[in-house]
Amino acid sequence: MSQRVDQDPAAQKPVLRRRVVVRRLVFTTVVLTILALLFALPWWALVYSSTDWPTPVVAVGTLVFVAMLIALPTFMFLGHGPRHLDWAARLGDALLGVVWVLFVWTLIGDLLRLALLIGGVDNPARSRIVAIFTLVAVVVLLAWGFVEAMRIPRVVRLDVTIPRLGRDLDGTTVVAITDTHYGAIDRAKWSAGVVEAVNELNADIVCHVGDIADGTVTQRRLQAEPLASVRARLAKVYVTGNHEYFSEAQGWLDYMTEIGWESLHNRHVVVGKGGSELVIAGVDDATARGSGLEGHGANLAEALRGADPDSPILLLAHQPKQVKQAEAAGVDLQLAGHTHGGQMWPFNFLVRLDQPVVHGLAKFGERTQLYTSRGSGFWGPPFRIFAPSEITLITLRAS
């Protein structure tokens, strides 16, 4: 008969410490490798490789890239680390966007380099033409992307047919905003403009589908306050996104309730016209359970407890991949955000690796439809490139 011998907890501590050290080393190595690629490739293509720039140009260009390489992780740590310095977050986020666009368009510049090579253009003229093209493209795209990020979102209009919808609810309008991401850049005026645009649509139902802010209610209250003025005939409803769980998700649920919204923390409300009813349910973000916050975690069964099984269901769930649970529960329409439509092309292709839909209307199974918004605000880099923001106006139609 064998006897189980438990290892001394004191003896396990060095092993655990070594594992933590190894994980940190691996993480640091990956981050440094990514940073090296993001900066080294543009530096090589624009400053050094075959361009034959004068020595002062090479020296200044190299110093600029070295300074950005040092500044990016420094600002990101100060802005998004324990100190949460907004000025550092603004600089770090902007620099991250600049580097991403520079990296992408350096790669695209290689296509021009190939065309010039085939056309018989020799170096250094060929490399200089590519470098100038890349820099001009980056400056133009960043300027345009900044304007797109800061503007009041355009209204995207679509009809969605829900076969189970009662005739009295045919034509019901649903306005969705999501991913407002009130953050380091003070956008109180922008927030008021979004609310004005929403109110002009005179909707029956207004939804905020999560990622309301990066920070606590205390930090972002002034930017969120205009939401108190949103008008809707039947309901104003809100669910958490993943970013609420980086700060204080319960605080945002409480705040939205305080200013007159229904915070759908794994629960539902019922709205109706005449003899027709619509169940509006909401669940926590997919990351809520892993946050460790007591009482939080997406629970669609709990959200639908007591709902009439014959009534159509409109579900608010921040991430598109939560549609698996929606389909299994017989949800008619899920509204989601999270993806930002990629925000900065071609990041949308990376988003697609994690989410079933990046933007737009899609169908899952016999009943469930999913609409994924590109979001109303932006996260991090204050740029939107080939992924415009939106306020979504959905008109529900009975079949």
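For the structure, see preceding data.
This text gives an overview of the structure that appears in the document. (Residues numbered from 1 in each chain as written. Predicted model: local features only at pLDDT ≥ 70, side-chain atom pairs only at ≥ 80, totals over all residues. Heavy atoms only, no water.)

Time to look at the overall build of the protein. Of regular secondary structure, the protein possesses ten helices and twelve strands. With the C-alpha coordinates aligned to their principal axes, the bounding extent of the protein is approximately 80 × 70 × 40 Å. Taking the contacts inside the protein whose residues are at least 6 apart along the sequence as the reference set, 73% of them involve residues at least 24 apart. Put simply, the protein shows about 19300 Å² of open surface, and 62% of that area lies on carbon and sulfur atoms. Of note, the protein has its 36 positive side-chain charges centred 5 Å away from the centre of its 36 negative side-chain charges. (Helix = DSSP H or I, 4+ residues; strand = E, 2+ residues; numbered from the N terminus. Contact = heavy atoms within 4.5 Å. Areas by Shrake-Rupley, 256 points an atom, 1.4 Å probe, with all protein chains shown as cover. Lys, Arg positive; Asp, Glu negative; His and termini not counted. Charge placed at Lys NZ, Arg CZ, Asp CG, Glu CD.)

Time to look at helix α3 (residues 86-118). Helix length check: α3, at 33 residues, gives a terminal C-alpha distance of 49 Å against a target of 48 Å (1.5 Å per residue), a fit within 8%. G120 sits one or two residues past α3 and shows a positive phi near 85°. (Expected span 1.5 Å × (residues − 1).)

By the bridge criterion, five bridges tie strand β10 (residues 360-364) to strand β11 (residues 368-372) in an arrangement that is antiparallel. For A362, the partnering residue across the bridge sits in β11 and is L370. In textbook terms, the turn of a hairpin is the stretch between consecutive antiparallel strands, and for β10 and β11 this stretch comprises three residues, one of which, G365, has a positive phi near 70°. (Pairing = 2+ DSSP bridges.)

The full count for this structure, using the stated rule, is ten aromatic pairs. On the basis of an interplanar angle of 75° and a centroid distance of 6.4 Å, the ring pair of Y182 and W190 is categorised as edge-to-face. Residue Y182 is classed as buried on the basis of its relative accessible area, which comes to 1%. Classification of W190 by relative accessible area gives buried; the value is 7%. Ring geometry for W252 and Y255: centres 5.8 Å apart, planes at 85°, overall edge-to-face. Taken as a pair, W252 and Y255 lie in helix α7 (residues 249-258) at a separation of three residues, close to a single helical turn. The same class applies to W252 as to Y255, namely buried. One aromatic cluster in this structure is built from W105, W144, W345 and F386. Sitting over the ring of W190, R187 keeps its end group 4.7 Å from the ring centre. The side chain of R187 reaches across the aromatic face of F378, ending 4.6 Å from its centre. (Phe/Tyr/Trp six-rings, centres within 6.5 Å; stacked < 30°, edge-to-face > 60°. Buried < 20%, exposed > 50% of the residue type's maximum accessible area, 1.4 Å probe, protein only. Lys NZ or Arg CZ within 6 Å of the ring centre and 35° of its normal.)

The next point concerns the sheet that holds strand β12 (residues 390-398). Strand order in the open sheet formed by six strands is β1-β12-β2-β3-β4-β5, with mixed pairing between adjacent strands. The sheet is open, and its two edges are formed by β1 (154-162) and β5 (262-263), each paired on a single side. As paired elements, β1 and β12 share nine bridges and run parallel to each other. The residue bridging T161 from the neighbouring strand is R397, located in β12.

Now for the pattern of salt bridges. On inspection of all chains with the given rule, the structure shows twelve salt bridges. Between K321 and D354 there is a salt bridge, and its shortest N-O distance comes to 3.3 Å. Of this pair, K321 sits in the loop between β8 (313-316) and α9 (323-328) while D354 sits in the loop between α10 (347-351) and β10, and the two are 33 residues apart along the sequence. The partly exposed category is assigned to K321, whose relative accessible area is 30%. Ionic contacts of the salt-bridge type, sharing partners, join the residues D159, D170 and R397 into one network. (Salt bridge = Lys/Arg side-chain N within 4 Å of Asp/Glu carboxyl O.)

It is worth spelling out the sheet that holds β8 at this point. Strand order across the open sheet formed by six strands is β6-β7-β8-β9-β11-β10, with mixed pairing between neighbours. Two strands bound the open sheet, and with one partner strand each, they are β6 (267-273) and β10. Mean inter-strand twist for the sheet, computed between neighbouring axes without regard to direction, equals 20°. Judged from the four bridges that link them, strand β9 (residues 333-336) and β11 form a sheet pairing that is parallel. In the strand pairing of β11, Q334 is matched with L370. (Axes fitted to C-alpha atoms, helices over the stretch in contact; angles between N-to-C directions.)

This part covers a nonpolar patch on the surface. A surface patch of nonpolar side chains, about 330 Å² in accessible area, is lined by V22, V26, V30 and I34. With respect to the helices and strands, the residue I34 is situated in helix α1 (residues 9-48). (Patch = residues over 30% accessible without salt bridge, like charges linked within 9 Å, V, L, I, M, F, W, Y side chains within 5 Å.)

Once that is clear, we can look at helix α5 (residues 188-200). The terminal C-alpha atoms of α5 lie 19 Å apart, and with 13 residues this matches the ideal 18 Å at 1.5 Å per residue to within 8%. Among the residues of α5, W190, S191, G193, V194, V195, A197, V198 and N199 are the ones counted as buried. Where α5 is buried, its residues touch α4 (125-150), β2 (173-177), β3 (205-208), α6 (217-224) and β12.

We now examine the environment of P163. Locating P163 in the fold gives a position in the loop between β1 and β2. Each C-alpha atom of the pair P163 and R397 lies 8.0 Å from the other, and the pair is 234 residues apart in sequence.

What follows is about the packing of α3 against α4. Relative to each other, α3 and α4 sit at 145°, their axes nearing to 8 Å. Note on packing geometry: the crossing formed by α3 with α4 is right-handed. Contact residues: G97, V98, V101, L102, W105, T106, G109, L112, R113, L116 and L117 in α3; R126, S127, I129, V130, F133, T134, A137, V138, L141 and L142 in α4. Each residue belonging to the contact of α3 with α4 can be placed in one class, and the counts come to 14 nonpolar, five polar and two charged. (Left-handed = near helix turned anticlockwise from the far one by under 90°. Nonpolar A, V, L, I, M, F, W, Y, C, P; charged D, E, K, R; others polar.)

Right, let's talk about the side chain of T173 for a bit. Within the fold, T173 resides in strand β2. Looking at T173, the relative accessible area reads 14%, which means it is buried. With near-sequence residues (within four places) excluded, T173 lies in contact with N202, A203, D204, I205, R233, L393, I394 and T395.

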